[in-house]
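# Coordinates in review
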Amino acid sequence: MTRRAGGDELSRRQMLGLVGAGAVAVATGGTVAWRLSRSGDPVSVTSSPSTTTSTTAVATDPDPAAETTTTTDAGPPRFEPYQTIDDEVFTEAKLTGVRVVEALMTYQAATEPTAPVDAALDLAVDGLRPADLLAATEVLFVADTDSAARVVYPQLGGLHPHRNPTSASVMVVVDQHLRRDQVETVVSRCVDVRVVLDGLQWRLAGIEDTSGQPVPAPSELSPDALRVLEHDHIQMPDSIRWDIHEGIVDDRILAEMADLADRTPIAAVTCVRGHPTHVFGTPNLSAHGVGRAVDIWSVGDVAVVQQRHDTDSLAHRVCQDLYDTARIDRLGAPWAFDPVGGWSWTDPVHQDHLHLGVSA
């Protein structure tokens, strides 16, 4: 499911518009950073404290006449390269996907759009054309703007074949920090990176989905949608919020996310955006492609992949409860609670997350 934006530059009006109407600037003495809140409204945080003073204005809409202005000595945002966690699976494949995303989303304001693409192509297989990669990732490049990528987690989206795979989908959850005129906007998304085994190395084969453009919150949302968007114990990329805003996530999935988060903190990777539309390597439509699934990479503030060898772990107990109560009818996890062919299953792909799905 590839969602691509047009090639228009992001104007100051759009920079403010990314966080929606109703943005309020705050005096911080440093850079003002905007981020979508759980409800879809903007909140502000501070970064890169400045030795100079700052002035602010209130913006009740993304009108250039009511801008936030901040004086700061801060340079472009920078982050250390992502390092894999202990007990990770398919580490080299995941790191290739991560380094590609970091290359594509880390650049300075004066950079031409071909520069991050060229950096990513250093990790690609022979034959991948720069024009194809540029077209697939144009939403990630914002002209005249500093950008830095902070990867949150890379989850497997698929392996083919399952045993001794030679190709994979790596779904990289990443925060993109965009800074222009000392105003920082943070947009988090799930990027579906396709990698292939080239000899002994995993190499970039293409970008399938960048999660596309932000979707504003509608005037009305279902109670389950609001529970998820406002929940203090659900960590998720903005791309899941956009799915919810668009109304393409089954309310049964949203209810289960909120119910689970009532018990313990969870971190999700994807519902629809950023996940392969079809089960990777097959023509079969994925439940994600129709909004009837969510992937969760952390339960109780511990990565699922780090709990997979422990049947007394919180993640295992959560899965046992989901199976026993049958609140969902598709459960992929590091453990299977059914015989082969049942609705609970495990395989090499589902060692690093829980897949919660429902049937039509």
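Now for a look at the structure at hand. Please read these numbers as outputs of a predicted model, since none were measured by experiment.

## Comments concerning the overall build of the chain
- Within the chain, the regular secondary structure consists of eight helices and 13 strands.
- With 360 residues in all, the chain has 53% of them scored as buried.
- Within the chain, contacts between residues at least 6 apart in sequence are counted, and of these 63% link residues at least 24 apart.
- For the chain, the computed accessible surface area is about 15200 Å², with 50% contributed by carbon and sulfur atoms.

## Section: the packing of helix α2 (residues 91–104) against helix α3 (residues 114–121)
- Running from N to C, α2 and α3 cross one another at 160 degrees; their axes reach a closest spacing of 8 Å. In terms of axis orientation, α2 runs roughly antiparallel to α3. Handedness of the crossing formed by α2 with α3: right-handed. Across from V100, A103 and L104 in α2, the residues of α3 making contact are P116, V117, A119 and A120.
- Classifying every residue of the contact of α2 with α3 by side-chain character gives seven nonpolar, no polar and no charged.

## Considering the nonpolar core
- Within the largest apolar cluster, 43 residues are counted, with the highest numbers of intra-cluster contacts made by L104, V174, V193, L204 and I207.
- In contact with V193, other than residues within four places in its own chain, are G97, V100, V101, A168, S169, V170, V172, L204, G206 and I207.
- A225, V228, I244 and A261 belong to the second-largest nonpolar core, a separate cluster that totals 34 residues.

## Here's the deal with the side chain of S344
- The residue S344 is located in strand β12 (residues 344–345) in this model.
- Taking the relative accessible area as the measure of exposure, S344 reaches 1% and is therefore buried.
- At a separation of 2.9 Å, a polar atom in the side chain of S344 contacts the main-chain amide nitrogen of F337.
- The contact partners of S344, leaving out residues within four places of it in the chain, are Y323, L331, W335, A336, F337 and D338.

## Some details on the environment of E80
- With respect to the secondary-structure elements, E80 resides in the loop between β2 (42–49) and α2.
- Owing to a relative accessible area of 72%, E80 belongs among the exposed residues under this scheme.
- The spatial distance from the C-alpha of E80 to the C-alpha of R150 is 7.9 Å, given a sequence separation of 70 residues.

## Describing the packing of aromatic side chains
- In the structure shown here, the tally under the stated rule is four aromatic pairs.
- When the ring of Y153 is compared with that of W297, the centres are 4.3 Å apart and the planes differ by 5 degrees; the resulting orientation is stacked. With Y153 in strand β3 (residues 146–160) and W297 in strand β9 (residues 293–299), the pair connects residues that are 144 residues apart, well separated along the chain.
- The class of Y153 is buried, set by a relative accessible area of 1%.
- The class for W297 is buried, based on a relative accessible area of 12%.
- Following the ring pairs from residue to residue traces out a cluster consisting of Y323, F337 and W343.

About the cut-offs
Throughout, a residue's number is its position along its own chain's written sequence, starting from 1. In view of the model being predicted, local features appear only for residues whose pLDDT reaches at least 70, and side-chain atom pairs are presented and counted only at 80 or more, with totals across whole chains, interfaces and linings using the full set of residues. Only hydrogens and water are removed before side-chain values are computed, so all heavy atoms of the structure are retained for them. Starting at the N terminus, helices and strands are each numbered in turn, a helix being any DSSP run of H or I of at least four residues and a strand any DSSP run of E of at least two. Only protein chains enter the accessibility calculation, which uses a 1.4 Å probe. A residue is then buried if its area is under 20% of the maximum for its type, exposed if over 50%, and partly exposed in between. Should any heavy atoms of two residues lie within 4.5 Å, those residues are considered in contact. Residue exposure ignores everything except the shown protein chains as possible cover, and the areas themselves are Shrake-Rupley values with a 1.4 Å probe. Lines fitted to C-alpha atoms define the axes here, with helix axes fitted over just the stretch in contact, and angles between the N-to-C directions of these axes take values from 0 to 180 degrees. Angular relationships are summarised with four words: roughly parallel below 35 degrees, roughly antiparallel beyond 145, roughly perpendicular across 65 to 115, and oblique for the angles in between. Crossings are assigned a handedness: left-handed for a near helix turned anticlockwise from the far helix by less than a right angle, right-handed for a clockwise turn. When residues are grouped by polarity, Ala, Val, Leu, Ile, Met, Phe, Trp, Tyr, Cys and Pro land in nonpolar, Asp, Glu, Lys and Arg in charged, and all others, Gly among them, in polar. Throughout this description, the term nonpolar core refers to a set of buried Ala, Val, Leu, Ile, Met, Phe, Trp, Tyr and Cys residues connected via side-chain atoms within 4.5 Å. The definition of a polar contact used here is a pair of N or O atoms within 3.5 Å, where within protein one atom must be able to donate a hydrogen and the other to accept one, and adjacent residues in sequence count solely through side-chain atom pairs. Two aromatic rings from Phe, Tyr or Trp, using only the six-membered ring of Trp, form a pair when their centres are within 6.5 Å; if the ring planes differ by under 30 degrees the pair is stacked, by over 60 it is edge-to-face, and anything between is tilted.

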